Amino acid sequence: MSGRPRQRKVLAQLGIEERHQFSGIFERYGVKSGYKGEEPTILLRQVRLLADERLMTDHLWFNLTKGFQRLGQLERGDVIQFNGRVNSYVKGYQGRQQDLFNEVSLDYQLSWPSKVQRLVPGPVRPNLPAEKWQLITLIQDLNQGLPHY
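We now turn to the structure provided with this report. (Residues numbered from 1 in each chain as written. Predicted model: local features only at pLDDT ≥ 70, side-chain atom pairs only at ≥ 80, totals over all residues. Heavy atoms only, no water.)

### Observations regarding the overall build of the protein
We count it as follows: Elements are defined by DSSP. Helices are runs of H or I of four residues or more, strands are runs of E of two residues or more, and each kind is numbered from the N terminus. Three labels apply to residues, based on accessible area from a 1.4 Å probe with only protein chains included: buried if under 20% of the type maximum, exposed if over 50%, partly exposed otherwise in between. We get accessible surface area from the Shrake-Rupley algorithm with a probe of 1.4 Å; when it comes to residues, only the shown protein chains can shield them.
Looking only at helices and strands, the protein features three helices and five strands. Listed by position from the N terminus, the elements making up the protein come as α-β-β-β-α-β-β-α. Residues classed as buried in the protein amount to 35% of the 149 residues present. When the accessible surface of the protein is summed, it comes to about 9,600 Å², and 49% of that surface belongs to carbon and sulfur atoms.

### Observations concerning helix α3 (residues 132-142)
Each full turn of the α-helix corresponds to 3.6 residues, which orients residues three or four apart in the same direction. Quick reminder of the rule: Arc definition: it is the arc formed by the directions from the helix axis to the C-beta atoms. Here a residue-residue contact requires only that any non-hydrogen atoms of the pair lie within 4.5 Å.
Those residues of α3 lying buried are Leu135, Ile136 and Ile139. Taken around the axis of α3, the buried residues stretch over an arc of 95°, which confines them to a single face. Here the buried face of α3 lies against β1 (19-34), β2 (37-49) and α2 (66-69).

### Points about the pattern of salt bridges
Quick note on the threshold: Criterion for a salt bridge: a side-chain nitrogen of Lys or Arg within 4 Å of a carboxyl oxygen of Asp or Glu.
Here the structure, examined in full by the defined rule, presents six salt bridges. Its salt-bridge partner being arginine 45, residue glutamate 27 comes within 2.4 Å of it at the nearest N-O pair. Highlighted residues: glutamate 27 in strand β1 and arginine 45 in strand β2, separated in sequence by 18 residues. Glutamate 27 sits in the buried class, given a relative accessible area of 12%. Salt bridges sharing partners connect three or more residues here, namely Glu27, Arg45 and Arg76.

### Quick look at the environment of glutamine 109
Operational definition: Pairs of N or O atoms within 3.5 Å make up the polar contacts considered here, provided that, within protein, one atom can donate a hydrogen while the other can accept it, and that residues adjacent in sequence are counted only when both atoms are side-chain atoms.
Structurally, the position occupied by glutamine 109 is in strand β5 (residues 105-118). Distance in space between the C-alpha atoms of glutamine 109 and tryptophan 61 is 8.4 Å, their sequence separation being 48 residues. Ignoring anything within four residues of it in the chain, the contact list for glutamine 109 reads Leu11, Leu60, Arg85, Val86, Asn87 and Tyr89. Looking at glutamine 109, its side chain comes within polar contact range of the side chain of serine 111, at 3.5 Å.

### A few points about the packing of aromatic side chains
Threshold: Put simply, two rings from Phe, Tyr or Trp (the six-membered ring, in Trp's case) pair if the centres are within 6.5 Å, and we call them stacked under 30 degrees between planes, edge-to-face over 60, tilted for the rest.
For the structure shown, the criterion picks out five aromatic pairs. Taken together, a centroid distance of 5.3 Å and an interplanar angle of 75° make the contact between phenylalanine 62 and phenylalanine 82 edge-to-face. Of this pair, phenylalanine 62 sits in strand β3 (residues 54-63) while phenylalanine 82 sits in strand β4 (residues 79-91); the two residues are 20 residues apart in sequence, bridging distant segments of the chain. Judged by its relative accessible area of 5%, phenylalanine 62 falls in the buried class. Here the aromatic cluster, defined as three or more aromatic residues joined through ring pairs, consists of Phe22, Phe62, Phe68 and Phe82.

Written out as structure tokens, the structure reads:
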């Protein structure tokens with residue numbers, strides 16, 4: 001397994017035992033393929049440890065959990081606060097297709113977000129659709145014309 005980006009090493013140094021408070025800036029919603037079909041996601045950038053404002057990573061993708069959904073339809077630039085725990089995962093293609101090569105590496109993420117809230121409360125945002133297919137359609141509409149990450 002290869003090395004990690006520098007900022008993810010900082011995240012890894014927090015350890016996996018304790019939960020910490022973080023903040024991140026909402027960038028956009030997304031959709032990923034999952035074993036149950038398409039799954040909605042959320043992208044936060046400039047993720048910081050709230051205790052000392054230290055930058056942990058330039059971006060992180062999360063599943064769009066109920067905690068994030070309760071915030072309503074977020075706008076780019078909204079600052080989100082949440083508690084989470086560092087978790088490791090294997091990054092890269094791990095399938096059996098011989099003609100596909102993608103370097104596999106160990107990386108770190110934040111998992112199990114809880115106590116999710118907007119750091120600077122503002123006007124109440126419209127609710128996100130409750131039905132998964134409607135939520136995915138909304139995300140696709142919102143992302144039209146945006147670059148893919």
